[in-house]
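# Structural characterization, general
Chain by chain, the residues run as shown.
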Amino acid sequence: MRSQPFRWYFAGQIASASGTFVQTTAVGWLVLRLTGSPASLGLVLAAGGLPPLLLGPWGGVVADRVDLRRLLIGTQIASGLLAAALWAAAAAGHASVPLVIAVTMAGGVVQIVDAPARQAFVARLVPPADLASAASVNGIVMNSARVVGPALAGVLIATIGTTPCFAVNAVSYLAVVGALLAIKPLDTPARAAVKAGGVLAGIRYARTRQQLWLPLTMMALVGLLAFNFAVLLPVLAEQTFHGSGGTYGLMSTMLSIGSVAGSLAVGLVRHPRRTYLVAASLAFGLSLVATAAAPNLLTACAALVITGIAAFCFVTLASTALQLHSDPAYRGRIMALWVFVYLGTTPIGSVITGWICDSAGPRAALLVGAAACLGAAAIAARVHTPPHPDAEQDS
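Below or above, wherever it landed, is the structure these notes cover. All values reported here derive from a predicted model rather than from experimental measurement. (Residues numbered from 1 in each chain as written. Predicted model: local features only at pLDDT ≥ 70, side-chain atom pairs only at ≥ 80, totals over all residues. Heavy atoms only, no water.)

Moving on, we get to the overall build of the chain. Within the chain one finds 15 helices and zero strands. Here the chain has a C-alpha radius of gyration of 20 Å; the compact-globule value for 395 residues is 21 Å, and the two agree. Projected onto its principal axes, the C-alpha coordinates of the chain cover approximately 55 × 45 × 35 Å. Considering only residue pairs separated by 6 or more positions, the chain has 87% of its internal contacts joining residues 24 or more positions apart. Per element, the accessible surface of the chain, about 15,200 Å² overall, is 70% carbon and sulfur. (Helix = DSSP H or I, 4+ residues; strand = E, 2+ residues; numbered from the N terminus. Rg over C-alpha atoms; globule rule 2.2 N^0.38 Å. Contact = heavy atoms within 4.5 Å. Areas by Shrake-Rupley, 256 points an atom, 1.4 Å probe, with all protein chains shown as cover.)

Okay, structure coming up:
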């Protein structure tokens, strides 16, 4: 926070990310109320992840070759216009499922370049010695928004409906665009310095470094089956605990409170190690088991706080490790691979989770996610650390 560019970025992202989670919460509730089907909700949410699934790694190539600040200004404006379009349609009474799918897919297209660019841009706002802390604080931004956004959405949905949620998101993008216009990055790397090659060059680079491929592999498994809370929580709130939009907002907020605590804890770790990733993935799996076994809403909320702590310890540790160990010339491509395994698996994971919820209930879907986390922990625990100099000890 000593860096003025990072402070500007931090303030803008807090506002914008909070608005995003207001809209995400509202969309989940709207679709579930329109269709009454968890599987349909999974399909709608999968639509947003389809573009990153198909083209996500190529977004990193763009991020490595263009001015990140200008790119982010463009993507944030585009996202704001999409939110405004959904707001206008909802206000006119035309907020149908096909429209939500169209807006969600368009947002996914924007995310192809926006997500890796945001991850890589953080490294240009702080001195190298502060990168680990900056990555952690960047995680705190998103996880704080997970508290503010669902809580505000829960209040809005319960009192005046879902339409104002889309308005809040549209207006929130003004803050981040203003911050980006005011920012002057600490460094401006020459585009000529970017190493030749595209997606395959980035994959080859990651494949030769355990401290890169291992977090990516773990996140691919965990992201596919465990990070589907947007599908799980509305179903758990309505069908298992017979609640309302306020119940959904409460459960989302409990998860998010834990996620902020988890990101804050990771901020104390300057050099993420493999053992930390194993422990976080193991704790994530066990907390999902506890959530699945919760007999009532109060117990479920307590379990969701612990789940949030473990889940976002894992996410922030993995993301920080990737940023710390990536050559700047490859950072955009590496973070695009990260976004690909974290968010690009959403189409498949959301459909699988929705199908499990339909056929066996949300508790079963939570247990499947738990198995994925425990499996990822087992894989990492058995990986042999190479003795060559490039390998991070206990990485």
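Under the definition given, this model contains nine aromatic pairs. Arranged with centres 6.0 Å apart and planes meeting at 85 degrees, the rings of Phe227 and Phe229 form a pair that is edge-to-face. Since its relative accessible area comes to 13%, Phe227 is described here as buried. The class for Phe229 is buried, based on a relative accessible area of 10%. Aromatic pair Phe227 and Tyr342: ring centres 5.5 Å apart, planes at 80 degrees, arrangement edge-to-face. Within this pair, whereas Phe227 is found in the loop between helix 8 (210-225) and helix 9 (229-240), its partner Tyr342 is found in helix 13 (residues 331-342), the two being separated by 115 residues in sequence. Grouping aromatic residues by their ring pairs yields a cluster made of Phe227, Phe229, Phe284, Phe312, Trp338 and Tyr342. (Phe/Tyr/Trp six-rings, centres within 6.5 Å; stacked < 30°, edge-to-face > 60°. Buried < 20%, exposed > 50% of the residue type's maximum accessible area, 1.4 Å probe, protein only.)

Now for the nonpolar core. In this structure, Met219, Val222, Phe227, Phe284, Ile334 and Trp338 are the most contacted members of the largest nonpolar core, which totals 81 residues. Ranked by residue count, the leading element in this core is helix 12 (residues 297-324), at twelve residues. Sequence-distant contacts of Trp338, defined by excluding residues within four places in its chain, comprise Gln119, Leu216, Met219, Val315, Ala318, Ser319 and Leu322. Counting 24 residues, the second-largest nonpolar core is a separate cluster that includes Tyr9, Ala63, Leu68 and Val176. (Core = buried A, V, L, I, M, F, W, Y, C linked by side-chain atoms within 4.5 Å.)

The next thing to look at is the packing of helix 10 (residues 245-266) against helix 12. Relative to each other, helix 10 and helix 12 sit at 40 degrees, their axes nearing to 6 Å. Classified by the angle their axes make, helix 10 and helix 12 are oblique. The element helix 10 and its partner helix 12 pack so that their crossing is right-handed. For the pair helix 10 and helix 12, contact is made by Thr247, Leu250, Met251, Met254, Leu255, Gly258, Ser259, Ala261, Gly262, Ser263, Ala265 and Val266 and by Leu297, Cys301, Leu304, Val305, Thr307, Gly308, Ile309, Phe312, Cys313, Thr316 and Leu317, respectively. Considered class by class, the residues forming the contact of helix 10 with helix 12 number 15 nonpolar, eight polar and no charged. (Axes fitted to C-alpha atoms, helices over the stretch in contact; angles between N-to-C directions. Parallel < 35°, antiparallel > 145°, perpendicular 65-115°, else oblique. Left-handed = near helix turned anticlockwise from the far one by under 90°. Nonpolar A, V, L, I, M, F, W, Y, C, P; charged D, E, K, R; others polar.)

Let us now look at unusual backbone geometry. The backbone phi angle of His242 is positive, close to 55 degrees, even though this residue is not glycine. Checked against the element boundaries, His242 lands in the loop between helix 9 and helix 10.

Moving on: helix 15 (residues 362-382). Residues that lie three or four places apart on an α-helix share one face, since the helix turns once every 3.6 residues. With 21 residues, helix 15 extends 31 Å between its outermost C-alpha atoms, agreeing within 8% with the 30 Å of an ideal straight helix rising 1.5 Å per residue. For helix 15, the full list of buried residues reads Pro362, Ala365, Leu366, Gly369, Ala370, Ala372, Cys373, Ala376, Ala377 and Ala380. Projected down its long axis, helix 15 carries its buried residues within an arc of 155 degrees, all on one side. Away from its buried face, by an angle of more than 90 degrees, helix 15 presents the exposed residues Ala381 and Arg382. (Expected span 1.5 Å × (residues − 1). Arc of directions from axis to C-beta.)

With that settled, consider the layout of surface pockets. The calculated volume of the second largest pocket comes to roughly 160 Å³. What lines the second largest pocket is simply Ile203, Ala206, Arg207, Trp213, Leu216, Thr217, Leu337, Phe340 and Val341. Of the residues contributing to the lining of the second largest pocket, the split by class is seven nonpolar, one polar and one charged. (1 Å grid on protein atoms, 1.4 Å probe; cavity = no way out; pocket = protein on both sides within 12 Å on 5 of 7 lines; lining within 4 Å. Points joined across faces, edges and corners; volume = space filled by probe spheres on them.)

On the surface, Leu50, Leu54, Leu55, Trp58 and Met105 cluster together to form a nonpolar patch covering roughly 480 Å² of accessible area. The element that contributes the greatest number of residues to the nonpolar patch is helix 2 (residues 38-63), accounting for four residues. Judged by relative accessible area, which is 31%, Met105 ranks as partly exposed. (Patch = residues over 30% accessible without salt bridge, like charges linked within 9 Å, V, L, I, M, F, W, Y side chains within 5 Å. Salt bridge = Lys/Arg side-chain N within 4 Å of Asp/Glu carboxyl O.)

Here we take up the pattern of salt bridges. Side-chain pairs of opposite charge can arise where the charged atoms are in close proximity. Using the criterion set out here, one finds two salt bridges in the structure. Put simply, Arg333 and Asp64 hold a salt bridge, and the shortest N to O gap is 2.8 Å. With Arg333 in helix 13 and Asp64 in the loop between helix 2 and helix 3 (68-91), the pair connects residues that are 269 residues apart, well separated along the chain. With relative accessibility at 5%, the residue Asp64 sits in the buried group. Two residues, Arg118 and Asp114, come together in a salt bridge whose shortest N-O distance is 2.7 Å. With a gap of four residues between them, Arg118 and Asp114 both fall in helix 4 (residues 97-122), about one helical turn apart. With relative accessibility at 17%, the residue Arg118 sits in the buried group.

For Thr275, the location among the structural elements is in helix 11 (residues 274-293). The partly exposed category is assigned to Thr275, whose relative accessible area is 38%. On a C-alpha basis, the gap between Thr275 and Ala153 in space is 37 Å, while along the polypeptide they are 122 residues apart.

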